[in-house]
Every structure is written in C-alpha cells, then in structure tokens.
Amino acid sequence: MRSFTSLLVFIWLLACQATFSQPNQVSSRQIIQQKTNDPVNHDKPYVIMVSLDGFRYDYAEKYNASNLLDMVANGFSVEQLIPSYPTKTFPNHYSLVTGMYPSSHGLVSNEYYNPDKREHYKVSNRDVVEDGTWYGGTPLWVLAEQQGLLTASFFWVGSEADIQGLYPTYHYKYDGSIANEARVDQVLSWLDLPESERPHLIMLYFSLTDDIGHIFGPESPEIEQAVKEIDGVIGRLRDGLSNKDLPVNLIVTSDHGMVNAKVPVNLGRVDFGNSEVSKSMPFMVYQEDTDEVVRIYNELKQVPNITVYLKDEIPQSMNYSGHANIGQILALTEPPYVISERPRPSRATHGFNPITVTEMNTIFYAEGPAIKKGSVEKAHNTDVFLLVKELLDLDGPTHVIDGSDKLAKAAIK
Ligand code: AMP
Ligand code: ZN
Ligand code: ZN
C-alpha cells in the first residue's frame, strides 16, 4: 500500500514538472518560478556569464582555442585573472558573483566547518549546498531579481540555494551528466522567450576542463582535446547569439587554473585531539582550547613540506582572515606537494595560493555591444561583480564588497 502511494506521489511530481517546464531536451530538471520582468527593465541589455571550470590563463593560446582567441582579438580580455584564496571551485564561483573574498562571503573552501552551526559544509552534501544560510553576500542574480529583472542559471555555485529567499527564476539542480551542447541550447532558447519572460542575466557552467585537467594534467594531449571541445561549445553559443537581434554581452571566465602536483604530505603522526578538521586543501583545524591550538600547531610545524599558520598569522596578501569559518590553524603546501585524503592523489590540482603559484591564474574574456576592445594584464576575480552590475545597471548591494571598479572602467564602453 505504502509503495503504491509512493508511486502515485512520484507520478504526480513528474506531472507537475511537465506542466511547469518548457519543451526542450532537458526540461524535466528545470525549476521555473512564475515571474515576469518589470516592464521598466525590458530595454535593459543581456549578460551571459560562462564559467569553464579550471581553465588556466594560458590554455586558449597554448591549445589554439579559436573562439576564445577571437574573443581576445575582438573583445576585452584579462591576461591573467587572479582568483581568490583558496583556489577551489565553490569559493571562487561565489566570489565571481558577489565581489567578495571567501573570507567575507563565508564559503571559505569546498569543505569547511561552521562553528556556529556546528556543521560541516561539503560540496557532496545537497542539504547544505541548497541551504541559503551558508551563503553570505548578494550574488548577482539575487541583486537582479530584487530589482525586477529575471535571471537564469544552467548551474552556478549558490544558484540552487534560497539566498535571501531568492533563486534565479529559471535554474537547475546540479547534474554534471547533462550534455554541454544541451546547456548551450537551453541558454539560447531562454533568449527566445517573450520579452516579459526573457532572463537578462544567464549563468552557465562547464566542468570539463577541470575534470580532465585533474586526471591528465595541464600539459597533456587530453587537456588540449578538452580545451578544443569546450571552445567548440563556446562557438555554438556565439553562433546562436549572432542569429539573435538582442544586445547580449558575453563573458567567459573561470574559477582557477591547474598545476601538476600529486606528492601527498603525510599528516598521519599529528594528533588532532577533539578538533574539527577540514581535510581538503586548505587543511584547517578548528579548536577552541588555546593550549590545544599551540600543541597541534607545534606538531604540524614538524611535518616536512607544509607551511603552517595560526589564524592571525595568515599573510594579508592572501585576504584570508577574520571569518569564523576559517580554522584556528591553516596548513598549506606548494606544488608538487598536496594535502589529500586520497593515498594516490590525481596528477594535477588547484587550491594553492595564487600569489605564489601563478598556474592558479585563470581567464576573463568579454564581448558585446557594451564591451570595449582591449585588454589588461591582471585583475582580481572579485572585480567581475561590479562589471556585471554596471552592465545590467543595477543598484546596491547595501553591504561592503571587496572588489574594485577597475575592471568595469577598463572593459565597459
Ligand atoms: P573541485 O575540483 O573539487 O574544486 O570541484 C570541481 C567539481 O565541482 C566539478 O567537477 C563539478 O562536478 C563540481 N560542481 C561544480 N558546480 C557544482 C554544483 N553547483 N553542485 C555540485 N557540484 C558542483
Ligand atoms: Zn574549479
Ligand atoms: Zn578541480
């Protein structure tokens, strides 16, 4: 009887999804809220913000990515976009859309401990990933939705969470198995919606270059192939956009680079007592007892090939201090050393300090009616927020952000 009821509930859920979705290949996974653009916003431009996870700053030239090189030649680019520390996926995607360092927005790593909640954030734990209370700051889609502008996301860190009670009007729960081409086609069909339903800010994410980079390394034939493949996906998007008569500004960026590094550091002899520990890079120890902090710190100092900091010793250049989610002790490495839970780490990785490991630097390309032709040598990823905010002519937010308006001034006409 119970299983029959479950079956009915399941059929009902499927029927609901079909009712609220649009006819396309991937519609059953799309979540749509019934909203429309404020009519005063109809003439505003459109922004598509694409992230190619783990796309190192030199990949486009090194592997001759023709679409991205065309964006460099005819649009605006940053030679090396500097990510925020730690150079991990979740903190940096969220810095790109909030203009805040991880130590300000609170997503201080892919995995960390929150001493107030007494709970661990973990990318694989859907309950925390979809819980808006873990996400500080105001991401671009929330700012836009607050001001009567519809937004959409085909994946972006934070877009599946109820941040300040808001989601992108159109969004998906993360499912890495959805084909990259299908994601592009959905973005293009969002732009075919009637003016009142058409999203003005669209987020789009691809993991391919990160996935392949970890396994085969940033100098491999496999990453060359992956770069070419994802460049083709960008080509499909640009071709689709060229057939539409809409003022679309396209941004292609990423969260961090990639470097060969796979020599594990052995922390096996260190006794962490009753501390909470965040084990992936950066390695952090959460401990309220000061004597224990000193003891563990001294033990960690004996371990070869790591640098250990007490929380208040972390160099200012790393912009990684202050937040309660950062542990009392931080341990980090430089390539080829890694701190990993896996006995045999993958060939290449990221997470290092971008100030000392330039391979962590990444890309920023933009083109469109509001974008100048030109380039700058460097910019910080927290500067991207103000650029998009200005493109969409948004107000706020009321809280402080870390990014500057240098990139916006350099790139916008
Ligand atoms: P990492 O290399 O550990 O920093 O993380 C990269 C991985 O994060 C990618 O391979 C994706 O599978 C995963 N990922 C990216 N965005 C999301 C998301 N919104 N939800 C869950 N996993 C994600
Ligand atoms: Zn990443
Ligand atoms: Zn990665």
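**Concerning the coordination of the zinc ion (ligand 2)**
Around the zinc ion (ligand 2), the protein contributes the donor atoms Asp53 (OD), Thr89 (OG1), Asp255 (OD) and His256 (NE2), at 2.0 to 2.1 Å from the metal centre. Classification of the site at the zinc ion (ligand 2) rests on its 4 donor atoms, whose angles at the metal span 95 to 132°, yielding the label tetrahedral. Along the chain, the residues that donate to the zinc ion (ligand 2) are spaced as D-x35-T-x165-D-H. The metal-metal distance between the zinc ion (ligand 2) and the zinc ion (ligand 3) is 4.2 Å. One end of the pair, Thr89, is in helix H4 (residues 89-98); the other, Asp255, is in the loop between strand S9 (248-253) and strand S10 (259-260), and 166 residues separate them in sequence. With a relative accessible area of 0%, Asp255 lands in the buried category.

**Looking at the coordination of the zinc ion (ligand 3)**
Only Asp210 (OD), Asp210 (OD), His214 (NE2) and His350 (NE2) from the protein reach the zinc ion (ligand 3) as donors, at distances of 2.0 to 2.4 Å. Linear spacing of the donor residues for the zinc ion (ligand 3) on their chain is D-x3-H-x135-H.

**Some thoughts on the pairing of strand S5 (residues 119-122)**
As defined by bridge partners, strand S4 (residues 111-114) adjoins S5 across 4 bridges and the pair is classed as antiparallel. The residue bridging Tyr113 from the neighbouring strand is His120, located in S5.

**Some thoughts on the layout of surface pockets**
Counted as a void, the largest pocket has a volume near 920 Å³. As for the largest pocket, its lining consists of 34 residues, and the residues nearest its centre are Lys88, Thr89, Asn110, Asp210 and His214. Of all elements in the fold, only H4, helix H6 (126-129) and helix H9 (208-216) reach the threshold of two or more residues within the lining of the largest pocket. At 3 residues, H9 tops the list of elements feeding residues into the lining of the largest pocket. Looking at the lining of the largest pocket, its residues break down into 13 nonpolar, 10 polar and 11 charged. Residue-level mapping places the lining of the largest pocket at the junction of two domains, with at least three residues from each of domain 1 (2-100 + 137-259 + 354-411) and domain 2 (263-349). Along its surface, the second largest pocket is lined by Tyr113, Pro115, Arg118, Asn274, Ser275, Glu276, Tyr286, Gln287, Glu288, Ala324 and Gln328. Here the residues of the lining of the second largest pocket are counted per class, giving 4 nonpolar, 4 polar and 3 charged.

**Regarding helix H11 (residues 290-301)**
When the terminal C-alpha atoms of H11 are compared, their 16 Å separation across 12 residues agrees well with the 16 Å that a helix rising 1.5 Å per residue should span. Regarding H11, the residues found buried are Glu292, Val293, Ile296, Tyr297 and Leu300. Burial along H11 is one-sided: seen end-on, the buried residues are contained in an arc of 130°. If you follow the buried residues of H11, they end up packed against strand S13 (283-286), strand S14 (307-310) and strand S15 (329-332). One side-chain oxygen at the N-terminal end of H11 lies 2.9 Å from the backbone nitrogen of Asp291; it belongs to Asp289.

**Details of the nonpolar core**
Counting residues in each nonpolar core, the largest one holds 60 residues, and the members touching the most others are Met49, Tyr135, Phe364, Leu387 and Val388. Of the residues forming this core, the biggest block, 6 residues, is contributed by helix H12 (residues 384-391). Structurally, this core is a two-domain feature, drawing no fewer than three residues from each of domain 1 (2-100 + 137-259 + 354-411) and domain 2 (263-349). If we skip the residues at most four places from it in the chain, Phe364 touches Phe76, Ser77, Val78, Leu81, Ile251, Val252, Thr253, Val384, Leu387 and Leu407. In this structure, Ile32, Leu237, Leu250 and Tyr365 belong to the second largest nonpolar core, which totals 47 residues.

**Some thoughts on the environment of Asn260**
With respect to the element layout, Asn260 can be found in strand S10. Here Asn260 is in contact with Gly217, Pro218, Glu219, Pro335, Pro336, Arg347 and Ala348, once residues within four sequence places are set aside.

**Regarding unusual backbone geometry**
Cis geometry marks the peptide bond from Tyr85 to Pro86, where omega comes out at 0°. Looking at the element boundaries, Pro86 is found in the loop between strand S3 (76-82) and H4. Put simply, Met281 and Pro282 share a cis peptide bond, and its omega is -5°. Take Pro282: it is sitting in the loop between strand S12 (276-278) and S13. Even without being glycine, Phe155 reaches a positive phi, approximately 85°. On the secondary structure map, Phe155 appears in the loop between strand S6 (151-154) and strand S7 (170-172). For Phe155, a relative accessible area of 2% gives the class buried.

Reading the values: rules and limits
Residues numbered from 1 in each chain as written. Chains lettered and ligands numbered in written order. Predicted model: local features only at pLDDT ≥ 70, side-chain atom pairs only at ≥ 80, totals over all residues. Heavy atoms only, no water. Donors = N, O, S within 2.8 Å, 3.2 Å for Na, K, Ca; no water. Tetrahedral: all angles 85-135°; square planar, octahedral: opposite > 155°, others 65-115°. Helix = DSSP H or I, 4+ residues; strand = E, 2+ residues; numbered from the N terminus. Buried < 20%, exposed > 50% of the residue type's maximum accessible area, 1.4 Å probe, protein only. Pairing = 2+ DSSP bridges. 1 Å grid on protein atoms, 1.4 Å probe; cavity = no way out; pocket = protein on both sides within 12 Å on 5 of 7 lines; lining within 4 Å. Points joined across faces, edges and corners; volume = space filled by probe spheres on them. Nonpolar A, V, L, I, M, F, W, Y, C, P; charged D, E, K, R; others polar. Domains from an automatic or database assignment. Expected span 1.5 Å × (residues − 1). Arc of directions from axis to C-beta. Contact = heavy atoms within 4.5 Å. Polar contact = N/O pair within 3.5 Å; in protein donor to acceptor, adjacent residues only side chain to side chain. Core = buried A, V, L, I, M, F, W, Y, C linked by side-chain atoms within 4.5 Å.

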